[in-house]
Amino acid sequence: MHTFGYRANALLTFAVTALAFICAIASFSDKFSNQNPSAEIQILNINRFKKQSHGNDEVSLTLDISADLQSLFTWNTKQVFVFVAAEYETPKNSLNQVSLWDAIIPAKEHAKFRIQVSNKYRFIDQGQNLRGKEFNLTLHWHVMPKTGKMFADKIVMPGYSLPDAYR
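Residues numbered from 1 in each chain as written. Predicted model: local features only at pLDDT ≥ 70, side-chain atom pairs only at ≥ 80, totals over all residues. Heavy atoms only, no water.

In terms of helices and strands, the chain carries one helix and eight strands. Taken from N to C terminus, the helices and strands of the chain fall in the order α-β-β-β-β-β-β-β-β. Since a compact globule built from 167 residues should have a radius of gyration of about 15 Å, the 23 Å found for the chain marks it as more spread out than a globular shape. Referenced to the eigenvectors of the C-alpha coordinate spread, the extents of the chain come out at roughly 85 × 30 × 20 Å. A total of about 10400 Å² of accessible surface is found on the chain, and carbon and sulfur atoms cover 55% of it. (Helix = DSSP H or I, 4+ residues; strand = E, 2+ residues; numbered from the N terminus. Rg over C-alpha atoms; globule rule 2.2 N^0.38 Å. Areas by Shrake-Rupley, 256 points an atom, 1.4 Å probe, with all protein chains shown as cover.)

Written out as structure tokens, the structure reads:
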């Protein structure tokens, strides 16, 4: 006869194996979801564009962000982290990314939104490289599943530029 410990070990091993298998199938099922998020960002106003006392450029923008991220939600999605970044090149760096706004979307009902907001984080360049600079606004998102691998993607919106002079 087998002891209680042996039986408990066999039962626990079987339960953990079955749970791992179910989690793997759940994660794999996300591959078949049709994801087609859309977004549009407009700059409504350049509130402030100045040179700081220690020489860095600083910009404050009012953004109109509209997005439909509902297709990112499946039964396995816990939440979606979304943020807007300004991306530009300088002679010193091939890619500069400055986060302007972010949010956590906890449910599909909140994933279609339109907001007008000033940048949540300061848009500062280390140097005097922003005057007349063209840049992209990029909407990034990270889908955090209940089980499985987290994945990220983005929508790049090019064609924005800053003025040639400080305001």
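Here we come to a nonpolar patch on the surface. Taken together, Phe21, Ile22 and Ile25 make up a surface patch of nonpolar side chains, about 330 Å² in accessible area. When you line up the elements, isoleucine 25 lands in helix α1 (residues 4–29). (Patch = residues over 30% accessible without salt bridge, like charges linked within 9 Å, V, L, I, M, F, W, Y side chains within 5 Å. Salt bridge = Lys/Arg side-chain N within 4 Å of Asp/Glu carboxyl O.)

What follows concerns the packing of aromatic side chains. The full count for this structure, using the stated rule, is six aromatic pairs. Ring geometry for phenylalanine 81 and phenylalanine 83: centres 5.7 Å apart, planes at 35°, overall tilted. Each residue in the set Tyr88, Phe123, Phe135 and Tyr160 is aromatic and connected to the rest through ring pairs, giving one cluster. (Phe/Tyr/Trp six-rings, centres within 6.5 Å; stacked < 30°, edge-to-face > 60°.)

So, on to the nonpolar core. Among the nonpolar cores identified, the biggest contains 32 residues, and Leu69, Phe123 and Leu137 are the most heavily contacted of them. Sorting the residues of this core by element identifies β1 (38–51), β2 (57–68), β3 (77–88), β4 (96–105), β7 (134–145) and β8 (151–161) as the ones contributing at least two each. Excluding its chain neighbours within four sequence positions, the residues that come into contact with phenylalanine 123 are Asp57, Glu58, Val59, Leu61, Ala86, Tyr88, Val98, Leu100 and Leu130. (Core = buried A, V, L, I, M, F, W, Y, C linked by side-chain atoms within 4.5 Å. Buried < 20%, exposed > 50% of the residue type's maximum accessible area, 1.4 Å probe, protein only. Contact = heavy atoms within 4.5 Å.)

So, on to the domain arrangement of the chain. Think of interface size as the accessible area that goes away when the parts come together; that is how it is often given. Domains assigned within the chain are domain 1 (1–32) and domain 2 (35–161). Look at where the C-alpha atoms of domain 1 and domain 2 centre, and you get two points 41 Å apart. Taken together, the five residues of domain 1 in the interface contact seven residues of domain 2. Interface of domain 1 and domain 2: buried area, both sides summed, is about 450 Å²; carbon and sulfur atoms make up 48% of it. Joining domain 1 to domain 2, the criterion identifies zero salt bridges. (Domains from an automatic or database assignment. Buried area = accessible area lost by both parts, 1.4 Å probe.)

Now for the side chain of aspartate 57. Here aspartate 57 is to be found in strand β2. The buried charged residue aspartate 57 lacks any salt bridge partner; its closest oppositely charged side chain belongs to arginine 131, at an N-O distance of 4.8 Å. Separated by 3.0 Å, the side chain of aspartate 57 and the backbone nitrogen of leucine 130 make a polar contact. (Lys, Arg positive; Asp, Glu negative; His and termini not counted. Polar contact = N/O pair within 3.5 Å; in protein donor to acceptor, adjacent residues only side chain to side chain.)

Moving on to the pattern of salt bridges. Following the criterion strictly, the structure yields four salt bridges and no others. One salt bridge connects aspartate 102 with lysine 120, and the closest N-O pair in it is separated by 2.7 Å. Here lysine 120 lies in the loop between β5 (112–118) and β6 (123–125) and aspartate 102 lies in strand β4, a separation of 18 residues in the sequence. On the accessibility criterion, aspartate 102 (15% relative accessible area) is buried. Through salt bridges with shared partners, one network takes in Arg48, Glu58 and Arg122.

Spatially, four strands are ordered β4-β3-β7-β8 in an open sheet, and the strand pairing comes out antiparallel. Two strands close off the open sheet at either side, each with one partner strand: β4 and β8. Recorded for the sheet is a direction-independent mean angle of 20° between the axes of neighbouring strands. With ten bridges joining them, β3 and β7 adopt antiparallel strand pairing. Considered in β7, the bridge of phenylalanine 83 is made with histidine 140. (Pairing = 2+ DSSP bridges. Axes fitted to C-alpha atoms, helices over the stretch in contact; angles between N-to-C directions.)

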